[in-house]
Amino acid sequence: MSTLITNIAELMTQDAEHRVLRAAAVVIEGERIEWLGAAAEAPAADDAVDAGGRALLPGWVDSHTHLIFAGDRTAEFEARMAGEGYSAGGIAVTTGATRGTSDFDLTRLALGRVAEAVAQGTTYLETKTGYGLDVDNEARSARIASTVADEVTYLGAHLVPAGMDAEEYTDLVCGPMLAAVRPYVRWADVFCERGAFNEDQSRRVLQACRDAGLGLRVHGNQLGAGPGVRLAVEFGAASVDHVNYLSGADVRALADSWSGWEAAAGAGERGTVATCLPACDLSTRQPLAPGRELLDAGVQLALASNCNPGTSYTSSMAFCVTTAVLQMRLSVHEAVRAATFGGALALGRETGNDVDGQRAVGSIAVGHRADLHLLNAPSATHLAYRPGMPLTHAVWRAGVRAR
């Protein structure tokens, strides 16, 4: 079954050439992009959709979320808005609620959050464990996550549970807990931050997870200067996320990690993506990550929602894009690219067919997965020009219309 989407005012491909097509059309065949180009030259298809002069983007790729949780942290948010500082300790509140919730309800809650994200244009998303923090509950979270998300990350190293010795808990994360989650996850992460895991503990987690064959990610440099970026680059992590407090050496290390990669061809040795989480920065009243400085230095950038109950309870990638334009000094094209292609790059899904058979996401090109986001606006500029407005008109996820 093929579908022609025509009368597209602006088609922002986010492909290798960064093409923006006018008066364009796209043909979907099954789950893939079959053709794109000028509307006047479009081939016939089994079905046709008139875009009505709207803009078409790749679906958002949200490369950092925490969707497997129960409970509420409204009181913590209110206290923070009243002037209290953020610390990682609030994670324990969510851990208690999550452990006490049934598999059925955890799955139901997570599916509801995924549906909210898809309704706003997100077509590919990652989520993490990290609110179980014991062997059985981390394995349960990983199993549930594997049924609701496109990519699953093991984050047993989220926080040391109250009453446990940090070194003993790190041993658990690197041993029995890792073995229990391994069948369900592709990635591993560590919260390398004061109040969470120090450099030595983070190094042990990254090494053990790499030895187990997992791709790596790092929560780093969120609450202050620290070793997160340095460790991420050293271990060849796919991304380091938050990156609020960066030294010149951190920026150079991230930029140097991309020195062997050819952006136009998407070839060569890839580096570590810097993933900015602006909704979290606003909620925790941290300085916004220096997205402009990172881009200017040659670092590949992603934007993600960090949807979680404590510090960023939103899945709105459009909000993140708007914030990046209005407050982080990115252009609209740069922000959209970071929220689509950049997220795919952070998840290793930016080109070709991966070994597990999944098609490339985050850009509109022939052969890529048909993940499309039609705006109720003539151009992507309206995302920042009309902040906060519900601009999602239609969504296709792997070729299937989801809205």
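As a reminder, the structure under discussion sits directly above these lines.
Residues numbered from 1 in each chain as written. Predicted model: local features only at pLDDT ≥ 70, side-chain atom pairs only at ≥ 80, totals over all residues. Heavy atoms only, no water.

## Here's the deal with the environment of Thr65
Then comes step 1: One can find Thr65 in the loop between strand E5 (60-62) and helix H1 (74-81).
Then comes step 2: Between the alpha carbons of Thr65 and Thr340 there is a distance of 15 Å; along the sequence they are 275 residues apart.
Then comes step 3: For Thr65, the contacting residues outside a window of four places in its chain are Glu126, Thr127, Lys128, Ser305, Asn306 and Cys307. (Helix = DSSP H or I, 4+ residues; strand = E, 2+ residues; numbered from the N terminus. Contact = heavy atoms within 4.5 Å.)

## Focus on the side chain of Ser141
Then comes step 1: With respect to the element layout, Ser141 can be found in helix H4 (residues 135-148).
Then comes step 2: For Ser141, a relative accessible area of 2% translates into the label buried.
Then comes step 3: Those residues in contact with Ser141 that lie beyond four places of it in its chain are Ile68 and Thr129. (Buried < 20%, exposed > 50% of the residue type's maximum accessible area, 1.4 Å probe, protein only.)

## Some points on helix H13 (residues 332-339)
Then comes step 1: In terms of residue burial, H13 counts as a mostly covered element, since six of its eight residues are buried.
Then comes step 2: Val332, Ala335, Val336, Arg337, Ala338 and Ala339 are the residues of H13 that are buried.

## What about the sheet that holds strand E1 (residues 2-12)?
Then comes step 1: Across the sheet, seven strands lie side by side as E3-E2-E1-E4-E15-E16-E17; this open sheet has mixed pairing. Among the strands making up the open sheet, the edge pair consists of strand E3 (32-38) and strand E17 (400-401).
Then comes step 2: In this structure, E1 lies alongside strand E2 (residues 20-29), joined through eight bridges in antiparallel fashion. Bridging from a neighbouring strand, Met12 pairs with Val20 of E2. (Pairing = 2+ DSSP bridges.)

## Observations regarding the sheet that holds strand E9 (residues 215-220)
Then comes step 1: As summarised here, the arrangement of the eight strands in space is E5-E6-E7-E8-E9-E10-E13-E14, forming an open sheet in which the pairing is parallel. Strands with a single pairing partner mark the edges of an open sheet, and in this sheet they are E5 and strand E14 (301-303). Between one strand axis and the next, the sheet turns by 25° as a mean value, whatever way the strands run.
Then comes step 2: Pairing of strand E10 (residues 239-242) with strand E13 (residues 273-276) involves three bridges; the strand directions are parallel. Bridge pairing links Val240 to Ala274 in E13. (Axes fitted to C-alpha atoms, helices over the stretch in contact; angles between N-to-C directions.)

## Considerations on the packing of helix H3 (residues 103-119) against H4
Then comes step 1: For the pair H3 and H4, interaxial distance at closest approach is 10 Å and the crossing angle is 40°. The angle between the axes of H3 and H4 places the two elements in the oblique class. Once H3 is placed against H4, the crossing between them reads as right-handed. Together, Asp103, Leu106, Thr107, Ala110, Leu111 and Val114 of H3 and Arg140, Arg143, Ile144, Thr147 and Val148 of H4 make up the contact between the two elements.
Then comes step 2: Looking at the contact of H3 with H4, its residues break down into six nonpolar, two polar and three charged. (Parallel < 35°, antiparallel > 145°, perpendicular 65-115°, else oblique. Left-handed = near helix turned anticlockwise from the far one by under 90°. Nonpolar A, V, L, I, M, F, W, Y, C, P; charged D, E, K, R; others polar.)

## With respect to helix H7 (residues 199-211)
Then comes step 1: Helix length check: H7 (13 residues) gives 18 Å between terminal C-alpha atoms against 18 Å at 1.5 Å per residue, within 8%.
Then comes step 2: The inward-facing, buried residues of H7 abut strand E7 (151-157), helix H5 (166-174), helix H6 (176-181), strand E8 (187-192), E9 and helix H8 (228-234).
Then comes step 3: Its side-chain oxygen 3.2 Å from the backbone nitrogen of Asp200, Asn198 forms the N-cap of H7.
Then comes step 4: Within two residues after H7, Gly213 carries a phi angle of roughly 90°, on the positive side. (Expected span 1.5 Å × (residues − 1). Polar contact = N/O pair within 3.5 Å; in protein donor to acceptor, adjacent residues only side chain to side chain.)

## Examining the pattern of salt bridges
Then comes step 1: Across all of its chains, the model carries 25 salt bridges by this definition.
Then comes step 2: Taking the shortest distance from any N to any O, the salt bridge between Arg32 and Glu34 comes out at 2.5 Å.
Then comes step 3: We classify Glu34 as partly exposed; its relative accessible area is 37%.
Then comes step 4: Taking the shortest distance from any N to any O, the salt bridge between Arg369 and Asp371 comes out at 2.9 Å. Considered together, Arg369 and Asp371 belong to a single accessibility category, that of buried residues. (Salt bridge = Lys/Arg side-chain N within 4 Å of Asp/Glu carboxyl O.)

## Considerations on the pairing of strand E4 (residues 47-58)
Then comes step 1: Where E1 lies against E4, seven bridges are found, and the strand directions are parallel. In the sheet register, Glu10 faces E4, and the bridge partner there is Ala55.
Then comes step 2: Bridge count between E4 and strand E15 (residues 372-375): three bridges; the pairing is antiparallel. Of the residues in E15, the one forming a bridge with Pro58 is Leu372.

## Observations regarding the nonpolar core
Across soluble globular proteins, you tend to see nonpolar side chains buried next to one another.
Then comes step 1: The biggest cluster of nonpolar side chains holds 82 residues, and the ones touching the most others in it are Tyr154, Val336 and Leu383.
Then comes step 2: The contact partners of Leu383, leaving out residues within four places of it in the chain, are Leu57, Trp60, Ala318, Val321, Thr322, Val336, Leu375 and Leu391. (Core = buried A, V, L, I, M, F, W, Y, C linked by side-chain atoms within 4.5 Å.)

## Some thoughts on the state of the cysteines
Then comes step 1: Summed over the entire model, instances satisfying the criterion amount to zero disulfides.
Then comes step 2: No disulfide involves Cys276; its nearest neighbouring cysteine sulfur is the one of Cys320, lying 10 Å away. (Disulfide = S-S within 2.5 Å.)

## Some words on the packing of aromatic side chains
Then comes step 1: Evaluation of the coordinates by the stated rule reveals four aromatic pairs.
Then comes step 2: Between Trp258 and Trp261, the aromatic rings sit 5.0 Å apart at their centres with planes inclined by 70°, giving edge-to-face as the arrangement. Here Trp258 and Trp261 have matching classes, each one buried.
Then comes step 3: One aromatic cluster is present, formed by Phe69, Tyr131 and Tyr313 through successive ring pairs.
Then comes step 4: Positioned above the aromatic ring of Phe69 is the side chain of Arg113, whose terminal nitrogen or guanidinium carbon lies 3.5 Å from the ring centre.
Then comes step 5: Sitting over the ring of Trp187, Arg217 keeps its end group 4.5 Å from the ring centre. (Phe/Tyr/Trp six-rings, centres within 6.5 Å; stacked < 30°, edge-to-face > 60°. Lys NZ or Arg CZ within 6 Å of the ring centre and 35° of its normal.)

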